[in-house]
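Structural characterization, general
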Amino acid sequence: MSIKVARQRLKTLVADLEEHSYRYYVLDDPEIPDAQFDALLHELIEIESKYPELVSANSPSQRVGGQPLDKFTQVKHELPMLSLNNAFDADTMHAFGERVLDRLQTEQEIEYVAEPKLDGLAISIIYQQGEYHQAATRGDGTTGEDVTLNVRTIDALPLRLRGKNIPPRLEVRGEIYMPLVGFDAYNKQAEKNGEKTFANPRNAAAGSLRQLDPAIAASRPLAIFAYSVGVSDGWDMPATHYEVLQQLQAWGLPVSSLIKRVQGISGCLNYYEEIAEQRAKLPYDIDGVVLKVNDLQQQEQLGFVSRAPRWAIAQKFPAQEVVTKLLEVEFQVGRTGALTPVARLEPVSVGGVTVSNATLHNMDELQRKDIRVGDQVVIRRAGDVIPQVTGVIASKRSGKEKPIPAPTTCPACGSDTIQPEDEVEIRCSASAYECDGQRAEAIKHFAARRALDVSGLGNKLVEQLVSEGLIKSCVDLFHLTTEQLVTLERMGEKSAANLVNALEQAKHTTLPRFIYALGIHEVGEATALGVAQHFGSLQKLQQATTEQLEEVDDVGPVVAKNIQEYFSLESNQELITALQSAGLEWPDLEVLEPENASLAGNTYVITGKFSELTRNEIKASLQSLGAKVAGSVSSKTTALIAGEKAGSKLSKANDLGIPVYDEQQLNKLLDS
Ligand code: IVH
């Protein structure tokens, strides 16, 4: 490749990578699979390594660069980074609203912008000529630390702004945080490696940003939301804060999709309730909401008092960490035989939810933290994860607290326990076929929503079925009769018939769901989907060699070994055959080379409700034929697949003259 061609290709690659990052992180609407993104990045790196003179400082390959620092340099903020006044109740919010009206000498209802209050740390980011230039922490509000190299590693942050009218100089302010999945994964790994774990995602984000070595920061799963603008040169600011946020998003910065305009304090209070309800399901920690006067002129009129603006307030959630007494520790067996200690607690309210059980992870952690029965312990509840015991208040001990010995027998089946070398977990020595506890857990997993999705078969019912001896394995589920089921406590004719019906329906499943349902150690939903798409059939998966398995994204040596071990066991083979004899079936997936895929080059948008397939299933089917599936209709859309109750996407497709397919036409398309 000549340097001229290389320059041209790099330009295209950079533009494509930036576009895909934008779709992924800002629009939450990726157009290509991760593997394809990686391939583009790989190509870029290859070309850059041949022509180092063509590498620009803000190339997507340059997220990690430079030597570890000795120390951070100080950065003085041109405009101070302020903090917010807090409200913990509606009265304080009303008082805030009254003050705003008083100061503005108006009786007209004020429009506020309502935002989630991310629980991370504030950051100031400077773009010059649209290029990422510098990032600094808040510090004391006047002077912060230069964390440019670390912030550059955050994939969601654009290194170059996109779109029109980009000011020559722009300071973006926002919050850096660690998503909960990343936080949990990090802590798990750290624990395995015997390294320090973080007590909460906020500390994890702060600790990661304070790393002197950018390579370490790069390995931490950080993310960012922008929430305002600091200094700017050469920009005609819009009239409202809301428009500022829209502009930031258009320039490529991630802005929370939960942000809304609301009217008056009653609108603010409703928003608080709405967000409080969603909080547990959010993929990151928030500690309240922030309400800001929308009109920027009004903001200016209101000004500041000491270190906080008069035009904004944070309405905070009640604390999510509380202290209570540890009454007892019980051990529960999981579907792989691992025994997990569960803390029974004196019931306590954490963020509005009463908690009486919490997880202690494993015996190792229990001993490391020296937790004893009778201790005052710290309970933390974050998102919809199970509450955890994060620490113990040793100073409150009376001396009567009792250490917790490692269990020597399985609480479910009484078999001896074992602790395999270099594993922190203690396990039941019996196999999944001999231990009732493991069996019940395996069946729960098998029937769960993301596996075979047997509606009406909840955890309690599975336990009941196992303990009554009605089922011993997931195969037995499919032989249950209404007559058997009605003998169970609290089970009427109707529910029994419904369950039998649901089981009948669950027999028609998909390959990825079936693989996931098997509960192979460390094969989660994504891995199941990956191997299903790669091999196309269960038979091919069972015959796959280690090398072939490792060709799949996400599958490393450990998972490959787990998959092979699973299929090499005769009992598992018998289980699969029995399930198929019971009527379980799924279509094989077509494994197509990209260039042979029948729908390659086409982009579809899916909307509305369908009678036979879920939208995700339709998406997977289209993708397996090489098509792209986008989130919004544009002139590039090949067709809109519209089910019942289609709304704005349908009108947009009609406006643009894009073909619209109904379910029947979709089926034809998939068959073709
Ligand atoms: S506005 C003058 N908006 O909360 C306005 N802050 O207690 C200052 N925070 O240091 C910030 N989410 O780290 C704003 N949507 C949001 C926020 C937010 C989180 C943090 C930020 C700030 C602290 C103030």
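Before any of the text, the structure's been laid out above.
The paragraphs below set out a description of the structure included in this document. (Residues numbered from 1 in each chain as written. Predicted model: local features only at pLDDT ≥ 70, side-chain atom pairs only at ≥ 80, totals over all residues. Heavy atoms only, no water.)

Observations regarding the overall build of the protein chain
Scanning the protein chain from N- to C-terminus turns up 25 helices and 26 strands. For the protein chain, the C-alpha atoms occupy an extent of roughly 75 × 70 × 55 Å along the three principal directions. For the protein chain, the residues scored as buried account for 45% of the 672 residues in total. Counted over contacts in the protein chain with a minimum sequence separation of 6, partners at least 24 positions apart contribute 67%. Of the accessible surface of the protein chain, which amounts to about 34,100 Å², a share of 48% is contributed by carbon and sulfur atoms. Side chains of the protein chain carry 67 positive and 92 negative charges; the gap between the two charge centres is 5 Å. (Helix = DSSP H or I, 4+ residues; strand = E, 2+ residues; numbered from the N terminus. Buried < 20%, exposed > 50% of the residue type's maximum accessible area, 1.4 Å probe, protein only. Contact = heavy atoms within 4.5 Å. Areas by Shrake-Rupley, 256 points an atom, 1.4 Å probe, with all protein chains shown as cover. Lys, Arg positive; Asp, Glu negative; His and termini not counted. Charge placed at Lys NZ, Arg CZ, Asp CG, Glu CD.)

Brief notes about the side chain of Arg173
Along the chain, the position of Arg173 falls in strand S7 (residues 169-177). For Arg173, a relative accessible area of 10% corresponds to the buried category. What Arg173 contacts, discounting residues up to four positions off in sequence, is Leu79, Pro80, Met81, Ile123, Ser124, Ala226, Tyr227, Ser228 and Gly230.

Regarding the site of the ligand
Surveying the vicinity of the ligand reveals 13 residues, the closest of which are Glu115, Lys117, Glu175, Tyr227 and Lys292. Contact distances for the ligand include 2.5 Å between an oxygen atom and a side-chain N or O atom of Glu175. Contact with the protein chains removes 87% of the 520 Å² of surface that the ligand exposes when unbound. For the shell around the ligand, the secondary-structure elements that each account for two or more residues are strand S3 (111-118) and strand S10 (286-293). In terms of residues, the shell around the ligand owes the most to one element, S3, which gives four residues. Residues belonging to the shell around the ligand are distributed by class as follows: eight nonpolar, no polar and five charged. (Near = heavy atom within 4 Å. Polar contact = N/O pair within 3.5 Å; in protein donor to acceptor, adjacent residues only side chain to side chain. Nonpolar A, V, L, I, M, F, W, Y, C, P; charged D, E, K, R; others polar.)

Some details on the sheet that holds strand S25 (residues 639-642)
The strand order S24-S23-S25-S26 describes an open sheet built from four strands, whose pairing is parallel. Strands at the two margins of the open sheet, each flanked by one partner only, are strand S24 (628-630) and strand S26 (660-661). The pairing of strand S23 (residues 603-607) with S24 spans three bridges and is parallel. Bridging across to S24, Tyr604 finds its partner in Val629. Contacts from helix H23 (residues 615-624) reach S23, S24 and S25 within the one sheet, and its direction differs from that of S23 by about 170°. (Pairing = 2+ DSSP bridges. Axes fitted to C-alpha atoms, helices over the stretch in contact; angles between N-to-C directions.)

A short note on the pairing of strand S8 (residues 223-233)
By the criterion of burial, S8 is predominantly enclosed, with eight of the eleven residues buried. Here S7 pairs with S8 via eight bridges, running antiparallel. Opposite Glu175, over in S8, you have Phe225 as the bridge partner.

Considerations on unusual backbone geometry
Where the residue is not glycine, phi is negative for most of them; where a peptide bond is considered, it is trans in most cases. Not every positive phi belongs to a glycine, and Gln105 is a case in point at roughly 45°. Here Gln105 lies in the loop between helix H3 (90-104) and S3. Its relative accessible area of 73% is what places Gln105 among the exposed residues. Here Asp370, not a glycine, exhibits a phi torsion of approximately 50°, which is positive.

What about the packing of H23 against helix H25 (residues 663-671)?
Across the interface, H23 lies against H25 with an axial gap of 10 Å and an inter-helix angle of 35°. Crossing hand, H23 versus H25: left-handed. Two secondary-structure elements touch here, H23 through Ile618, Ser621 and Leu622 and H25 through Leu666, Leu669 and Leu670. Counted by class, the contact of H23 with H25 contains five nonpolar, one polar and no charged residues. (Left-handed = near helix turned anticlockwise from the far one by under 90°.)

Re the packing of aromatic side chains
What describes a pair of aromatic rings is the distance from one ring centre to the other and the angle between the planes of the rings. In the structure shown here, the tally under the stated rule is 13 aromatic pairs. Both rings, one in Tyr24 and one in Tyr25, keep their centres 4.7 Å apart while their planes meet at 70°; by these two values the pair is edge-to-face. Overall, Tyr24 belongs to the partly exposed group, its relative accessible area being 38%. Judged by relative accessible area, Tyr25 falls into the partly exposed class, the value being 31%. Taking 6.0 Å as the distance between ring centres and 45° as the angle between the ring planes, the aromatic pair formed by Phe96 and Tyr112 counts as tilted. (Phe/Tyr/Trp six-rings, centres within 6.5 Å; stacked < 30°, edge-to-face > 60°.)

Notes on the environment of Asp671
In this structure, Asp671 sits in helix H25. For the pair Asp671 and Ala582, spaced 89 residues apart in sequence, the C-alpha separation works out to 27 Å.

What to know about the pattern of salt bridges
One pass over the structure, following the stated rule, counts 27 salt bridges. A salt bridge links Glu115 to Lys292, with the shortest nitrogen-to-oxygen separation between them at 2.9 Å. Of this pair, Glu115 sits in strand S3 while Lys292 sits in strand S10, placing them 177 residues apart in sequence. Both residues of the pair, Glu115 and Lys292, count as buried. Between Asp233 and Arg169 there is a salt bridge, with its nearest N and O atoms 3.9 Å apart. Here Asp233, found in strand S8, pairs with Arg169, found in strand S7; they are 64 residues apart in sequence, far enough to count as distant. (Salt bridge = Lys/Arg side-chain N within 4 Å of Asp/Glu carboxyl O.)

Points about helix H2 (residues 34-50)
Taking 1.5 Å per residue, 17 residues should reach 24 Å; H2 reaches 25 Å between its end C-alpha atoms and fits that length. Those residues of H2 not exposed but buried are Leu40, Leu44, Ile47 and Glu48. Looking down the long axis of H2, one finds its buried residues gathered within 105° of arc, a one-sided arrangement. Exposed side chains of H2 directed beyond 90 degrees from the buried face belong to His42, Ser49 and Lys50. Looking at the buried residues of H2, the elements they touch are helix H1 (3-26). (Expected span 1.5 Å × (residues − 1). Arc of directions from axis to C-beta.)

Re the sheet that holds strand S5 (residues 131-137)
Read from one edge of the open sheet, four strands run S5-S4-S7-S8, paired in antiparallel fashion. Strand pairing shows two members of the sheet lacking a second neighbour, S5 and S8, which therefore form its edges. Strand-to-strand twist in this sheet, taken as the mean axis angle between neighbours without regard to direction, amounts to 25°. Taken strand by strand, helix H6 (residues 201-209) contacts strand S4 (121-128), S5 and S7, and its axis lies near 45° from that of S4.

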